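What the coordinates show
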Amino acid sequence: MSPTAFTEASRIVNRSPLNRWLGMSVLRADDDGITLGIRWREELISNPDIRSTHGGILATLIDAAGDYAVALKVGAPVPTIDMHVDFHRMAKPGDLRAEGQVIHLGRRFATAHARVLDTEGNLIASGRALYLVPAPGGETASASQGEA
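No experiment lies behind these values; they were computed from the predicted model shown.

Moving on: the sheet that holds strand β2 (residues 33-38). The 6 strands lie next to each other as β1-β2-β6-β7-β8-β5, forming an open sheet whose pairing is antiparallel. The sheet is open, and its two borders are formed by β1 (25-30) and β5 (80-87), each paired with just one other strand. Each neighbouring strand pair of the sheet contributes to a mean axis angle of 15°, computed without reference to strand direction. Alignment of β5 against strand β8 (residues 123-132), held across 7 bridges, turns out to be antiparallel. Counted as the bridge partner of Met83 is Ala129 from β8.

Structure representation (structure tokens):
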């Protein structure tokens, strides 16, 4: 693991109040992608009767892993344009990890794939997202067009 990639990924992840609330941490970051982790806690429950983790938490992990995998390649967090998530099994109480990797990096758009696994390595959710790559000079498309 590149200490530089790990340090940069940790800096980017820790900037977000949502990530800090989730207790998200970088477990691995290198040229192949990123692995994020969150510790399970009661606030993540969607259905108290079956004690399942909310799907929005899983989707957040998919988006974050994809976004930060792209960010490591382009040097900045990137906005999500489109995302698809598949839920494969119920996430029971327990820590989760999300693995993200870039599958296409173009001049203006990037595609990343991510998957969420439980502590036993079971696939909980997977997804793919499209991200807007900053234009040369660091502007996003809307900023360069004068939009807020």
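From this point, the narrative continues.
Evaluated as defined, the whole model comprises 7 salt bridges. Notably, a salt bridge pairs Arg41 with Glu43, separated by 3.1 Å at the nearest N-O pair. Between Glu99 and Arg115 there is a salt bridge, with the nearest N and O atoms lying 2.8 Å from each other. With Glu99 in strand β6 (residues 96-105) and Arg115 in strand β7 (residues 109-118), the pair connects residues that are 16 residues apart, well separated along the chain. With a relative accessible area of 33%, Arg115 lands in the partly exposed category.

Here is what the cut-offs are and how they apply
Within every chain, residues take consecutive numbers counted from 1 along the sequence as written. Only residues with pLDDT of 70 or above have their local features reported here, since the model is predicted, and side-chain atom pairs are shown and tallied only from 80 upward, although totals for entire chains, interfaces and linings are computed over all residues. For side-chain calculations, the full set of non-hydrogen atoms in the structure is used, while hydrogens and water are omitted. When DSSP locates at least two bridges between a pair of strands, those strands are taken to pair. Secondary structure elements are defined from DSSP: runs of H or I of at least 4 residues count as helices, runs of E of at least 2 residues count as strands, and each element is numbered from the N terminus. For every element, the axis is a line fit to its C-alpha atoms; helices are fit only across the contacting stretch, and the angle between N-to-C directions ranges from 0 to 180 degrees. A pair is scored as a salt bridge if a Lys or Arg side-chain nitrogen falls within 4 Å of a carboxyl oxygen belonging to Asp or Glu. Only protein chains enter the area calculation, which uses a 1.4 Å probe; residues under 20% of their type maximum are buried, those over 50% are exposed, and those in between are partly exposed.

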